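# Results of the structural survey
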Amino acid sequence: MNYSTKIAERQWNLPDKGERESKREEVFMDDIVQKNHIEKELLSNLDGIETVFDGGAGCGRFSILLAKKGCKVTHFDISQPMLDKAYEFAKAANVLSNITFIKGELEDLTAYTDHSFDLVISFDAPISYTYPNQESVIGELVRIARKRIMLSVSSRLGSLPYLANPMNKNQFVLDDNCSDPWVQWCLENWDNAVENFHFNKTLCDAWFYQGIGDCANEIADYEAGGTPWVLTYLFLPDELQGILERFGVKNVRLAGPGAYARTIPKAILRKIMGDPGQKEAFLEFCYEYDRNPYVLGMGKDNLFAKGEIG
Ligand SMILES: C[S@@+](CC[C@H](N)C(=O)[O-])C[C@H]1O[C@@H](n2cnc3c(N)ncnc32)[C@H](O)[C@@H]1O
């Protein structure tokens, strides 16, 4: 097993992972925008879709939505805490009969024959976490799809500003008084992060030109028994489009969910999110803006793609 998979397994199997991941839209405004974008794409592309494979399905944000729409969903993930949380949510939503839960790695989809599922989805970067196998994983996801594929991977242009903004989540905290540990950590460490910040062009160059850093720190941390963040490959828009097209996907369309929202000051975003009418109109506009080809590289940190098979 390579370091990427070993590190991913340790990180994603942290016992509280499912619980923490399932709370993101309650506390971070950029996550609200991104989830809304993907939901809109899914719900407007369900014609003729009966079976779905959700690769790296997490705690079921999208698998449960599709199960509620009557699809038969295979919910596939490397993490038992994520699968447990998804099972709990699916039970509460009364859709267990529409979901099959499978523990597995995207790097091995040999259990599935060609064109097994009408729709294959994989959202919020599971593919990027399979580095250095990200390209063959996309090929395998295309292979098992019959009609349509929708993905979101880590975006190189969208993520690089975070190298000069170490506390990037701060600008999206919905409520400073919420008890979420990540929010409190962001707020408490802001001054320290600014104080210790030093712009590192060498680091930026490595990620910009290779889509990944040297990973030495993560590997050393892992070997010392730590739980480093997963090795994450960052895609460029034309690169992702080219890979999908090489595997035969047609009509590839990309988007950068979060491109519009990241330009807006926190105080204004909070006002919008606090008023249901403005919020709905804003999310509708974000969806339109973030699909414009001139901004799609600058989404929150994900690059979205959809295409037709054959
Ligand atoms: C950020 S979460 C996204 C979850 C879900 N797709 C969503 O959008 O809510 C990434 C998920 O990918 C899973 N994952 C990471 N590496 C994986 C791998 N190699 N194979 C399968 N799942 C993986 C993690 O366990 C986690 O649940």
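Summarised in this report is the structure supplied together with it. (Residues numbered from 1 in each chain as written. Predicted model: local features only at pLDDT ≥ 70, side-chain atom pairs only at ≥ 80, totals over all residues.)

## Quick word on the pairing of strand β3 (residues 99–103)
Of the pairings in the sheet, the one linking strand β2 (residues 72–77) to β3 comprises five bridges and is parallel in character. From the neighbouring strand, Phe-76 faces β3, where its bridge partner is Ile-102. Between the parallel elements β2 and β3, the chain passes through helix α6 (residues 80–92) in a crossover that is right-handed. (Pairing = 2+ DSSP bridges. Helix = DSSP H or I, 4+ residues; strand = E, 2+ residues; numbered from the N terminus. Right-handed = clockwise from strand over helix to strand, strands pointing away.)

## Here we look at the environment of Leu-65
Relative to the helices and strands, Leu-65 is located in helix α5 (residues 61–68). Residues Leu-65 and Leu-42, 23 residues apart in the sequence, show an inter-C-alpha distance of 9.2 Å.

## Side note on the site of the ligand
For the ligand, the set of nearby residues contains 21 residues, the closest of which are Trp-12, Gly-56, Gly-58, Ser-79 and Asp-124. Mapped onto the shell around the ligand, the elements with two or more residues apiece are α1 (3–12) and α5. A class-by-class count of the residues in the shell around the ligand yields eleven nonpolar, four polar and six charged. (Near = placed C-beta within 6 Å. Nonpolar A, V, L, I, M, F, W, Y, C, P; charged D, E, K, R; others polar.)

## Overview of the packing of helix α4 (residues 29–43) against α5
Running from N to C, α4 and α5 point in directions that differ by 35 degrees, and their axes come no closer than 11 Å. Two packed elements cross with a definite hand, and for α4 against α5 that hand is right-handed. Residues Lys-35, Ile-38, Glu-39 and Leu-42 of α4 pack against Arg-61, Phe-62, Leu-65 and Leu-66 of α5. Residues that form the contact of α4 with α5 fall into these classes: five nonpolar, no polar and three charged. (Axes fitted to C-alpha atoms, helices over the stretch in contact; angles between N-to-C directions. Left-handed = near helix turned anticlockwise from the far one by under 90°. Contact = placed C-beta atoms within 7 Å.)

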